[in-house]
Amino acid sequence: LLERRGTVVVRQLALHMDSERVFMALAALIAGVEEEDFASVLVGTMNVMLLTCPEFYSLRATLRQVGDLPSGPRAQLFSALYRSWAHAPSALLGLCLLAGCYQ
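What counts and how
- Residues numbered from 1 in each chain as written.
- Predicted model: local features only at pLDDT ≥ 70, side-chain atom pairs only at ≥ 80, totals over all residues.
- Heavy atoms only, no water.
- pLDDT = per-residue confidence, 0-100.
- Helix = DSSP H or I, 4+ residues; strand = E, 2+ residues; numbered from the N terminus.
- Expected span 1.5 Å × (residues − 1).
- Buried < 20%, exposed > 50% of the residue type's maximum accessible area, 1.4 Å probe, protein only.
- Contact = heavy atoms within 4.5 Å.
- Salt bridge = Lys/Arg side-chain N within 4 Å of Asp/Glu carboxyl O.
- Patch = residues over 30% accessible without salt bridge, like charges linked within 9 Å, V, L, I, M, F, W, Y side chains within 5 Å.
- Areas by Shrake-Rupley, 256 points an atom, 1.4 Å probe, with all protein chains shown as cover.

*Asks:* How do you make sense of the confidence of the model for the protein chain when you look at a structure like this?
*Replies:* When pLDDT is low, close inspection of the predicted coordinates is not appropriate. The predicted model of the protein chain averages 86 in pLDDT, with 93% of residues at 70 or higher. Across the protein chain, the element-wise mean pLDDT spans from 82 in helix α1 (residues 2-16) up to 92 in helix α6 (residues 89-99).

The following block contains the structure:
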């Protein structure tokens, strides 16, 4: 269900709500998931959406401005996504490269 309809649901939510709020809420939910396989698949799906879907352009633009800022709302967004994206190392690498957080 996640692979077939999950993307559509999240993209529709992003059209009607702020995409940053959608991803922050999903990241908080993923952080509490104990089943690693499910969390990894979910993060992988969300990562593909983040990097490719036009609905998340503003979120990508916000993440590109994170850089090495130690605090602020952009850094909090990156930090929340980082904790969840840690379930899938390749997705985490993509997030870090997108945000310019190379260290």
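The rest of the description comes next.
*Asks:* It is not clear to me how helix α3 (residues 36-52) should be interpreted in this structure. Could you clarify?
*Replies:* Compared with the 24 Å implied by 1.5 Å per residue over 17 residues, the 24 Å span of α3 between its first and last C-alpha is a close match. Three or more residues of α3 are buried, namely Ala39, Leu42, Val43, Thr45, Met46, Asn47, Met49 and Leu50.

*Asks:* Can you help me understand α6 in this one?
*Replies:* The periodicity of an α-helix, 3.6 residues per turn, causes residues three or four places apart in sequence to face the same way. Residues of α6 that are buried: Ala91, Leu92, Gly94, Leu95, Cys96, Leu98 and Ala99. Buried residues along α6 sit in contact with α3, α4 (57-64) and α5 (73-85). Directly after α6, the chain includes Gly100, whose backbone phi takes a positive value near 75 degrees.

*Asks:* Just checking my understanding: could you explain the side chain of Ser84 for this structure?
*Replies:* Here Ser84 shows up in helix α5. Discounting residues that sit within four places of it in the chain, Ser84 has contacts with Ala27, Ala28, Ile30, Ala31 and Val43.

*Asks:* How should I be thinking about the pattern of salt bridges in this particular structure?
*Replies:* Any two side chains of opposite charge can pair, given that their charged atoms come close. Tallied over the full model, the rule gives one salt bridge. Here Glu55 ties to Arg11 by a salt bridge, and the two come within 3.0 Å at their closest N and O atoms. Remark: Arg11 occurs in helix α1 and Glu55 occurs in the loop between α3 and α4; sequence separation between them is 44 residues.

*Asks:* I would appreciate a short explanation of a nonpolar patch on the surface in the present structure.
*Replies:* There is a patch of nonpolar side chains on the surface, built from Val9, Leu13 and Met17 and spanning about 230 Å² of accessible area. Mapping Val9 onto the fold places it in helix α1. For Val9, a relative accessible area of 47% corresponds to the partly exposed category.

*Asks:* Hey, could you run me through the environment of Thr62 in this one?
*Replies:* With respect to the element layout, Thr62 can be found in helix α4. Each C-alpha atom, one on Thr62 and one on Phe78, is 9.4 Å from the other, the two residues being 16 residues apart in sequence. The residues contacting Thr62, other than those within four sequence positions of it, are Glu20, Arg74 and Leu77.

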